[in-house]
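A structural walkthrough
Residues per chain, in single letters:
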Amino acid sequence: MSTHQERLQQPSGEPSHHRQHGITLPVIGFVLSIILTLIALWAVMNRVLGAGSLIALILILGAIQIFIQLFFFMHVTESKGPNWHAWMLALGLVFVIAIVAGSIWIMAFGALSY
Amino acid sequence: MSVLEQRLPAVDTHDDLPLEYAHEDDALRIFGFWVFLVTDMLLFSCVFATYVILYRHTNMGPTPTQLFDVRGFTAETLILLTSSFTSGIGTYEMRRGHRGALIGWLMVTWILGACFIGLEVSEFVADVASGATMSRSAFLSAFFTLVGMHGCHVSFGLLWMLCLMIQLGVKGITHVTARKVFIVGLYWHFLDVVWVFIFTVVYLIGELS
């Protein structure tokens, strides 16, 4: 209990926690996010692929960036007890895909009439 | 020891979690904020779906390629990615107990966020001045709604961060302010992810159309 006591009585002092990720993770995350962004920009500006494959490529690069933010900055693996918020995120992702892909799919019928 | 346990029944016994999780109440609020982020993600996904359906409907007005300035949106993207990183460094310094460094990194994050909003507002003003108003076409309605909604989120984040910096200056790093810094960080990183998709779906795919 002594660690709790120290923690609460000296709140501005050095917190005595043990799972310190250090500075490496955010730095790696930052470098990766900049590189992925510049790759996407370069690929589009130079039209390195056909339009369809290019869109697929930049969407995949964007999806990787979600995981960079989640794991390198948002500490998504941290939780008190079971990792319920990860399940919430997964469920949210299912809804997002249903909304976006479903809307595009259904509005593709008779797209010239609206 | 028993006295401490009686006084502070909500204190966690897990030693491996940082200060912001020390109280049951704070851990619950962090979970609650994740739930908010998921609902905000659903809100954004609806506006993204609307944009993707409408962006070809330019009604003889400006097309995405004519409207977007590559240097402008690239600068906005790099600034926001950097601010996400500096906010992450802020959380790192907070967990080491360095209040001065935490406030300093939050200030850097705030300035980068303000530059981002400044660039976005000047982009919008230039668009409107050239006749590309929100009512010009379905594409422009969807564009201003999506990008403007993200801009409103970032502006709200700036106000929030400013209040938090003042509170940190007055109260220092406590379990309450630590939880608030962690939560505002989650919000900021989330907005960065949303922007990466605006950059991809609106600006880059706009260049291809």
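Regarding its fold elements, chain B presents 7 helices and 0 strands. Listed N to C, the secondary structure of chain B is α-α-α-α-α-α-α in terms of helices and strands. Projected onto its principal axes, the C-alpha coordinates of chain B cover approximately 75 × 30 × 25 Å. Every one of the 209 residues in chain B was classed for burial, and the buried ones make up 44%. In chain B, 80% of the contacts between residues at least 6 apart in sequence involve partners at least 24 apart.

Our focus in this paragraph is the overall build of chain A. What chain A contains, in helices and strands, is 4 helices and 0 strands. Going from N to C terminus, chain A has its helices and strands arranged as α-α-α-α. A fraction of 43% describes how many contacts in chain A between residues 6 or more apart in sequence connect residues 24 or more apart.

In terms of domain boundaries, chain A breaks down into domain 1 (17-78) and domain 2 (79-114). Using C-alpha coordinates to define each centre, domain 1 of chain A is positioned 20 Å away from domain 2 of chain A.

All names here are of chain B. The N-to-C vectors of helix α2 (residues 24-54) and helix α6 (residues 138-171) enclose an angle of 155°; their axes lie 9 Å apart at closest approach. When the axes of α2 and α6 are compared, the pair comes out roughly antiparallel. Along this stretch, α2 crosses α6, giving a crossing that reads as left-handed. Here V47, F48, T50, Y51 and L54 of α2 come into contact with α6, specifically with A138, F139, A142, F143, T145, L146 and M149. Tallied by class, the residues present in the contact of α2 with α6 amount to 10 nonpolar, 2 polar and no charged.

Further remarks concern the interface of chain A and chain B. Taken together, the 48 residues of chain A in the interface contact 53 residues of chain B. Contributions of two or more residues to the side of chain A that touches chain B are made by α1 (2-9), α2 (24-45), α3 (51-73) and α4 (84-107) of chain A. A per-element tally of the side of chain A that touches chain B places α4 of chain A first, with 12 residues. The class makeup of the residues in the side of chain A that touches chain B is 27 nonpolar, 16 polar and 5 charged.

In this section: the environment of M74 of chain A. Tracing the sequence through the fold places M74 of chain A in the loop between α3 and α4. It is 33 Å that separates the C-alpha atoms of M74 of chain A and R47 of chain A, two residues lying 27 residues apart in sequence. Contacts of M74 of chain A, omitting those with residues within four sequence positions, involve Q69 of chain A together with L186 and H189 of chain B.

Our focus in this paragraph is the environment of G52 of chain A. All names here are of chain A. Structurally, G52 is set in helix α3. Taking the C-beta count within 10 Å as the criterion, G52 has 9 such neighbours and is therefore assigned exposed. Put simply, G52 and A86 are 34 residues apart on the chain and 32 Å apart in space, counted from C-alpha to C-alpha.

Moving on to the nonpolar core. Membership of the largest hydrophobic core comes to 68 residues, with the highest contact counts inside it found for L102, F143, L146, I198 and V202 of chain B. When residues of this core are traced back to their parent elements, those giving at least two are α2 and α3 of chain A together with α2, α4 (70-95), α5 (99-129), α6 and α7 (175-208) of chain B. For I198 of chain B, the residues in contact, after removing those within four places along its chain, are L146, V147, H150 and Y203 of chain B.

The subject of this paragraph is the confidence of the model for chain B. Residue and element names in this part refer to chain B. For chain B, the mean per-residue pLDDT works out to 92, and 93% of the residues sit at or above 70. Across residues 1-13, confidence stays below pLDDT 50; counting only partners more than four residues off in sequence or on other chains, it has 14 contacts. Predicted complex, confidence summary: ipTM 0.86, pTM 0.88.

This brings us to the confidence of the model for chain A. This prediction gives chain A a mean pLDDT of 84; 80% of its residues lie at or above 70. No element of chain A has a lower mean pLDDT than α1 of chain A, at 43, and none a higher one than α2 of chain A, at 96.

All names here are of chain B. The end-to-end C-alpha distance of α6, which contains 34 residues, comes to 49 Å, matching closely the 50 Å that a straight helix rising 1.5 Å per residue would cover. All buried positions along α6 are accounted for by F139, L140, A142, F143, L146, V147, H150, G151, V154, G157, M161 and L168. Buried residues in α6 make contact with α2, α3 (64-67), α5 and α7.

Looking now at unusual backbone geometry. Positive phi is not limited to glycine here, since R47 of chain A has a value of about 45°. Here R47 of chain A lies in the loop between α2 and α3. Residue R47 of chain A is classed as exposed on the basis of its 11 C-beta neighbours within 10 Å. Positive phi, close to 50°, is recorded for N59 of chain B, a residue that is not glycine. Mapped onto the secondary structure, N59 of chain B falls in the loop between α2 and α3.

Cut-off values and rules
Residue positions are given per chain, counting from 1 as you read along its sequence in written order. Following the order in which they are written, the chains are lettered starting with A and the ligands numbered starting with 1. Since the coordinates come from a predicted model, pLDDT governs what is reported: local features require at least 70, and pairs of side-chain atoms require 80 or more to be given and counted, while whole-chain, interface and lining totals use all residues. Note on conventions: DSSP H or I runs of at least 4 residues are helices, E runs of at least 2 residues are strands, and numbering of each starts at the N terminus. Each residue is classed by its C-beta neighbour count within 10 Å, where at least 20 other C-beta atoms makes it buried, 12 or fewer makes it exposed, and intermediate counts make it partly exposed; the C-beta atoms are placed from backbone geometry. By the convention adopted here, residues are in contact when the distance between their C-beta atoms, placed from the backbone, does not exceed 7 Å. The domain boundaries here were taken from an automatic or database domain assignment. Angles here are taken between N-to-C directions and fall from 0 to 180 degrees, while the axes themselves are lines fitted to C-alpha atoms, restricted in helices to the stretch in contact. Under this scheme an angle from 65 to 115 degrees is roughly perpendicular, one under 35 degrees roughly parallel, and one over 145 degrees roughly antiparallel; angles in between are oblique. Crossing handedness is defined as follows: a turn of the near helix away from the far one that is anticlockwise and smaller than a right angle gives a left-handed crossing, while the clockwise case is right-handed. Basically, the charged four are Asp, Glu, Lys and Arg, the nonpolar ten are Ala, Val, Leu, Ile, Met, Phe, Trp, Tyr, Cys and Pro, and anything else, Gly included, counts as polar. In plain words, the nonpolar core is the set of buried Ala, Val, Leu, Ile, Met, Phe, Trp, Tyr and Cys residues that C-beta atoms within 7 Å link up. Confidence of the predictor at the level of single residues is given by pLDDT, which spans 0 to 100. Each residue after the first adds 1.5 Å to the expected span of a helix.

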